[in-house]
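Chain residues, written in single-letter form:
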Amino acid sequence: LVAMSTRDRIRAIRDLPMSFEEKKHIRWVLNHNQLKVINFHVSVILGTKCGYGIRSARQTLELWHGIMKEIGGKFGTSVLSYFVFLKWLLMFNIFSFLVNFGFITIPLLVYDPLPNIPPNVSFRGLEILTGAGYFNYTVMYYGGYSNETLVGLVEYNMQLAYFFTIAVYMVLCGIVLIFSMASSFKTNYVLAEPTSSGAWQLLCSWDFSMTNERAVRQRKNNLRESLSEKAQRELLTLSEKLKHFGVHLGSWLLSTGLAVGCGASIYFLCQYEQQTLLVPFVVSLMNLVVPLLYSLFNKFEQYSSQRRQIYALVVRNVLLRMSILGVLCYYWMNVVCWESMVGQALYRLVIVDFLFITLGSFFGEFLSNVIGTRILPRLGVPEFDIARNVLELIYAQTLAWIGIYFSPLLPAIQIVKFFILFYLKKISLTQNCQPPRRTGRAAQMQTTFIALLFFPFFVGALSMVAYTAWRLTPSEQCGPFRGLNNTFSVVGIWIDDLEKIPGSQWVVWIYQNVIRSEIFYFLITIIILVIIYIFWQVAQGRKELIGLLRQQIVNVSVFEKCPLKLSLSELFFFFLK
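Quick caveat: nothing in here was measured; it's all calculated off a predicted structure.

A. Representation of the overall build of the protein. Tallying secondary structure elements over the protein gives 18 helices and 2 strands in all. For the protein, the share of sequence-separated contacts (at least 6 apart) that also reach a separation of at least 24 residues comes to 76%. A total of about 33300 Å² of accessible surface is found on the protein, and carbon and sulfur atoms cover 68% of it.

B. Quick peek at the nonpolar core. Ranked by internal contacts, the top residues of the largest apolar core, which has 109 residues, are Phe85, Leu328, Trp332, Leu346 and Trp401. For this core, the leading source of residues is helix α3 (residues 65-111), giving 15 residues. Contacts of Trp401, omitting those with residues within four sequence positions, involve Phe92, Tyr169, Met170, Cys173, Leu177, Leu453, Phe458, Ala461 and Val465.

C. Examining the packing of aromatic side chains more closely. Applying the stated criterion across every chain yields a total of 33 aromatic pairs. An angle of 25° between the planes, with centres 6.0 Å apart, marks the rings of Phe454 and Phe458 as stacked. Separated by 4 residues within a single helix, Phe454 and Phe458 lie in helix α14 (residues 442-470), roughly one turn from each other. Classification of Phe454 by relative accessible area gives buried; the value is 17%. Under the relative-accessibility criterion, Phe458 is labelled buried at 2%.

D. Focus on helix α15 (residues 489-498). Along α15, the positions that sit buried rather than exposed are Val490, Val491, Ile495 and Leu498. Each buried residue of α15 lies within a common arc of 140° when the element is viewed along its axis, so the set occupies one face.

E. Representation of the packing of helix α12 (residues 386-403) against helix α13 (residues 410-432) within the structure. Relative orientation of the contacting elements α12 and α13 amounts to 170°, with a least axis distance of 10 Å. As far as their axial angle goes, α13 and α12 are roughly antiparallel. The residues of α13 that touch α12, namely those facing Asn389, Glu392, Leu393, Ala396, Gln397, Leu399, Ala400 and Gly403, are Leu410, Gln414, Lys417, Phe418, Leu421 and Lys425. Across the contact of α12 with α13, the residue classes tally to 7 nonpolar, 4 polar and 3 charged.

F. Quick peek at the packing of helix α8 (residues 238-270) against helix α9 (residues 278-297). Between α8 and α9, the shortest axis-to-axis distance is 11 Å and the interhelical angle comes to 175°. Here α8 is positioned roughly antiparallel relative to α9, judged by the angle of their axes. Residues Ser251, Leu254, Ser255, Leu258, Ala259, Cys262, Ser265, Ile266, Leu269 and Cys270 of α8 lie in contact with α9, whose contacting residues are Leu278, Val279, Val282, Val283, Met286, Val290, Leu293, Tyr294 and Phe297. Classifying every residue of the contact of α8 with α9 by side-chain character gives 16 nonpolar, 3 polar and no charged.

Quick notes on the rules
- Residues numbered from 1 in each chain as written.
- Predicted model: local features only at pLDDT ≥ 70, side-chain atom pairs only at ≥ 80, totals over all residues.
- Heavy atoms only, no water.
- Helix = DSSP H or I, 4+ residues; strand = E, 2+ residues; numbered from the N terminus.
- Contact = heavy atoms within 4.5 Å.
- Areas by Shrake-Rupley, 256 points an atom, 1.4 Å probe, with all protein chains shown as cover.
- Core = buried A, V, L, I, M, F, W, Y, C linked by side-chain atoms within 4.5 Å.
- Buried < 20%, exposed > 50% of the residue type's maximum accessible area, 1.4 Å probe, protein only.
- Phe/Tyr/Trp six-rings, centres within 6.5 Å; stacked < 30°, edge-to-face > 60°.
- Arc of directions from axis to C-beta.
- Axes fitted to C-alpha atoms, helices over the stretch in contact; angles between N-to-C directions.
- Parallel < 35°, antiparallel > 145°, perpendicular 65-115°, else oblique.
- Nonpolar A, V, L, I, M, F, W, Y, C, P; charged D, E, K, R; others polar.

Fair warning: the whole summary comes from geometry, so function is off the table for now.
As structure tokens, then:
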């Protein structure tokens, strides 16, 4: 009866050999069930529409969602990976600012809302560039924080708050980077198919996010050129291969010499000039000019893929920036009354680096576009240099990580910097650049970006902050750790105070027998290595299983295409063999 139409149902109920009340009850039950079904379908439809509406609203509210789709449609996922990485770093700095501002700055401002600024010091505007003067007496730097226990509604120990906020933030950053890198590596390298074959490039390398007609036409030409270049490289003679090897070796020796020379120049410059903008100006000038020289090496070098070319540029820029940062850190750690001075130096580096990135977009991309389209048309429109731009982001984030101890509010400057930089690079990209001629897998490039951000940059920044907390003596005149032998001494003082409080002995026991025990860290290391080995074995097993399943699919497809038709007896004797 339920499946019948309304007219047929009424006729069928009327013909039933039952009383009128029974027929009325059957009709009521059927109508009630039908209403339930209708209500269920209506609720499903409304729920689906509500889900679509919520998803659409979330995408509308998501930061730069429409701009990301536009960039991916015009320039492909390789260029889009840079902007995704920039957005990811922006979220990182927002989290850092909220943590530092909430647990370090706000309690001090509530306790003492007016900074102790001398009468002869006022804000003149130049402090935005230099970071000195008025900012030196505010909560911008390490020296503006008290070493007292703030007494209000609750007691708030500024020493413990400062130490544990920085420590927990750095640990969380490391955990997030490790998990992001491991997840991306497993997806894009361990379980991914090799991408170097011509069949993959021909059949599977098309970027379906591109919707612009000009970009699609250029992508077809780039794919054709890439396949022809690969076919020519496979026919290289031994002398040509040796020639290419010599060019690569010479380029690497020259780039390494430039990096070492830049580091030595910064060291000698720091001996004579530190309090002005000269050092950050020279550092930023080196970070702008030397990578451009590295890019010129690509005119003479020939790489088999764009990913290798990008990786070579990235490694060279890493050597350059790490040599400069290493020299600066060495100099900073050997200066008396150094915390606020280091904070000011890092602030100036961040500001001047942003100015040079802006100038680099103008001179490196705008002028290149003008020269390539009007003066020397054979040069053509410049490509968007993914490697150089990504290294600029990683370098800027490294400065923020190093400065988190000396200037807790430095992430606020980074937020403004990255926000402006996103629109600056987007405008420069759309007006001055073209998509790369040879595109790599954007997902694997994103994995490489995160790996470089973790090592050596995050590890280097963490090492400097840890060395500062464990070995260096804090300044006697300013800062939350004045009067202590080292920053980590605040934990020992806190543990000594806990011994006097009943019920806190378990915390003291954990600190003395676990935290300060070498065996504990040895066991943790062994457990981590065992877990890594287990996951590696699981990944290898899945990779082998995927290979077997693919081979089975190939065998089945070949068997289905076989024109022979075997009888049952022939199949029986075949399997007996």
